[in-house]
Amino acid sequence: MKKSIAALAAALAFVVPTWAAVQTVTLSVPGMTCSACPITVKLSLTKVPGVSKARVSYEEKEAVVTFDDTKVNVEALLKATKDAGYPSTVKP
Ligand SMILES: [Cu+2]
């Protein structure tokens, strides 16, 4: 019994930090009007500390952002695109 609890604790300590931290969110960015817009949106997102990746598509009018949720939250991502001139919303 004691041994299995220790094993479980060790397993959790190993697993939890990896899935608790890295998140992916898809943002809808309707304000992109030409193929240069995604560059601005991508830059605004990757500048935010905690964002590791941003894939922005003009055709889909969306941004797929990979971020560390211990360093940044979705509100900060929405604010970053808004400040760059492209208000966005979270895609369900
Ligand atoms: Cu443009």
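Attention in this report is confined to the structure presented alongside it.

What counts and how
- Residues numbered from 1 in each chain as written.
- Predicted model: local features only at pLDDT ≥ 70, side-chain atom pairs only at ≥ 80, totals over all residues.
- Heavy atoms only, no water.
- Pairing = 2+ DSSP bridges.
- Helix = DSSP H or I, 4+ residues; strand = E, 2+ residues; numbered from the N terminus.
- Contact = heavy atoms within 4.5 Å.
- Axes fitted to C-alpha atoms, helices over the stretch in contact; angles between N-to-C directions.
- Donors = N, O, S within 2.8 Å, 3.2 Å for Na, K, Ca; no water.
- Buried < 20%, exposed > 50% of the residue type's maximum accessible area, 1.4 Å probe, protein only.
- Salt bridge = Lys/Arg side-chain N within 4 Å of Asp/Glu carboxyl O.

## Concerning the sheet that holds strand β3 (residues 62-68)
- Taken in spatial order, the 4 strands line up as β2-β3-β1-β4 in an open sheet, and their pairing is antiparallel. Of all strands in the sheet, those with a lone pairing partner are β2 (51-57) and β4 (89-90), marking the two edges.
- Each of β1 (22-28), β2 and β3 is contacted by helix α2 (residues 37-46), which is oriented at about 165° to β2, the strand it contacts most.
- Taken strand by strand, helix α3 (residues 74-83) contacts β1, β2, β3 and β4, and its axis lies near 40° from that of β1.

## Re the coordination of the copper ion
- For the copper ion, the full set of protein donor atoms is C34 (SG) and C37 (SG), at a range of 2.1 to 2.2 Å.
- The partly exposed category is assigned to C34, whose relative accessible area is 35%.
- A relative accessible area of 6% places C37 in the buried class.

## Digging into the pattern of salt bridges
- Tallying each qualifying case throughout the model produces 3 salt bridges.
- The partner of K71 in a salt bridge is D68, with the nearest N and O atoms 3.6 Å apart.
- Take D68: its relative accessible area is 16%, and that puts it in the buried class.
- The partner of K79 in a salt bridge is D83, with the nearest N and O atoms 2.7 Å apart. One end of the pair, K79, and the other, D83, are both in helix α3, 4 residues apart, so they sit about a helical turn from each other. For the pair shown, K79 and D83 are each scored as exposed.

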